[in-house]
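Chain by chain, the residues run as shown.
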Amino acid sequence: DLHFFHKKICQVCPRPWAQEENEQKLVELWNSQVLPGDTVWHLGDFFFLNNNAKGVETALSVIEQLNGNIRCLLGNHDASDFFKALQKRSNKIVSVDRHVEIKIGEGKAKKKLVMNHYPMFTFNQSHRGAIMIHGHEHGRIHAPGKVIDVGLDGSFERLGEWRFWTEQDILEYAAGL
């Protein structure tokens, strides 16, 4: 839930920088953690732009500054056709989905990871230790079970610093739930 170009996001969420610095700070933070070959899962509400040619161009100007291969899950502020247009124009947008399930971890520590923009309190394999990660709530809720809001705006409270979650962060945090 980065909300690039949302004019009041720093007012709505407790980001530690001024609104006029938001886009620059997000790009700097992203590139300080993400290397060019890394895969990033973005769980929705990437941009707060109009679904038109100007909006697509503005979004592309940001995407081209970001390291990594980006897999997008659509949020409530994301139009599917907007992201399909971005995907056609940038090889950095690898996929656009609404819901994804993958495996993370190694060996016996391998876990099913369920990803969606919205939190789900019951999900595939939840009774077998699967982990559900989501955005949307901007750090405002602590859901029961292995349901984790991995959005930037809750990272300081949950991780102790303003940064993006890594696979290891998710596994360690979920182990304590």
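Up top you'll find the structure we're talking about.
Bear in mind that the values here come from a model prediction, so they are computed numbers and not experimental data. Per chain, residue numbering runs from 1 following the sequence as it is written. Since the coordinates come from a predicted model, pLDDT governs what is reported: local features require at least 70, and pairs of side-chain atoms require 80 or more to be given and counted, while whole-chain, interface and lining totals use all residues. Values reported for side chains reflect all heavy atoms of the structure, with hydrogen atoms and water molecules removed beforehand.

Some points on the overall build of the chain
Turning to step 1, where the next piece is worked out: Numbering of helices and strands starts at the N terminus; helices are DSSP runs of H or I of at least 4 residues and strands are runs of E of at least 2. Looking only at helices and strands, the chain features six helices and seven strands.
Turning to step 2, where the next piece is worked out: Ordered by position from N to C terminus, the α and β elements of the chain give α-α-β-α-β-α-β-β-β-β-β-α-α.
Turning to step 3, where the next piece is worked out: For a compact globule the rule gives 2.2 Å times the number of residues to the power 0.38, and the radius of gyration it is set against comes from C-alpha atoms. The C-alpha atoms of the chain give 16 Å as radius of gyration, which agrees with the globular expectation for 177 residues (16 Å, within 12%).
Turning to step 4, where the next piece is worked out: On the principal axes, the C-alpha backbone points of the chain span a range of 45 × 35 × 30 Å.
Turning to step 5, where the next piece is worked out: Note on exposure labels: buried denotes an accessible area under 20% of the residue type's maximum, exposed denotes more than 50%, and partly exposed covers the range between, all computed with a 1.4 Å probe on protein chains only. When burial is assessed residue by residue, the chain has 49% of its 177 residues classed as buried.
Turning to step 6, where the next piece is worked out: Working rule for contacts: check all heavy atoms of both residues, and any pair within 4.5 Å makes them a contact. Within the chain, contacts between residues separated by at least 24 positions form 50% of all contacts whose residues are at least 6 apart in sequence.
Turning to step 7, where the next piece is worked out: The Shrake-Rupley method, run with a 1.4 Å probe, gives the accessible areas here. Residue values count only the displayed protein chains as cover. Total accessible area on the chain is roughly 9,000 Å²; 50% of this is exposed by carbon and sulfur atoms.

Considering the sheet that holds strand β4 (residues 99–104)
Turning to step 1, where the next piece is worked out: Spatially, four strands are ordered β4-β5-β6-β7 in an open sheet, and the strand pairing comes out mixed. Each edge of the open sheet carries a strand with a single partner, namely β4 and β7 (147–149). Strand-to-strand twist in this sheet, taken as the mean axis angle between neighbours without regard to direction, amounts to 25 degrees.
Turning to step 2, where the next piece is worked out: Direction of pairing for strand β5 (residues 111–116) relative to strand β6 (residues 131–134): parallel, over a ladder of three bridges. Bridging across to β6, V114 finds its partner in M132. Paired strands, as defined in this entry, are two strands with at least two bridges between them according to DSSP. To obtain each axis, a line is fitted to C-alpha atoms, and for helices this fit is confined to the stretch in contact; angles are then taken between N-to-C directions over 0 to 180 degrees.

Here's the deal with unusual backbone geometry
Turning to step 1, where the next piece is worked out: In this structure, Q125 is a non-glycine residue whose phi angle is positive, near 70 degrees.
Turning to step 2, where the next piece is worked out: Tracing the backbone through its elements, the reader meets Q125 in the loop between β5 and β6.
Turning to step 3, where the next piece is worked out: With a phi close to 50 degrees, H138 is a non-glycine residue in the positive phi region.
Turning to step 4, where the next piece is worked out: Topologically, H138 is positioned in the loop between β6 and β7.
Turning to step 5, where the next piece is worked out: The class for H138 is buried, based on a relative accessible area of 11%.

Notes on the pattern of salt bridges
Turning to step 1, where the next piece is worked out: Every case where a carboxyl oxygen of Asp or Glu lies within 4 Å of a side-chain nitrogen of Lys or Arg is listed as a salt bridge. Within the structure shown, the criterion is met by six salt bridges.
Turning to step 2, where the next piece is worked out: Taking the shortest distance from any N to any O, the salt bridge between E157 and R158 comes out at 3.8 Å.
Turning to step 3, where the next piece is worked out: Judged by its relative accessible area of 10%, R158 is buried.
Turning to step 4, where the next piece is worked out: D169 is paired through a salt bridge with R163; the nearest N and O atoms lie 2.5 Å apart. The two residues D169 and R163 agree in class, both being buried.
Turning to step 5, where the next piece is worked out: Among the ionic contacts, a cluster of salt bridges with common partners joins E161, R163 and D169.

Function-wise, these values are silent; they only describe arrangement.
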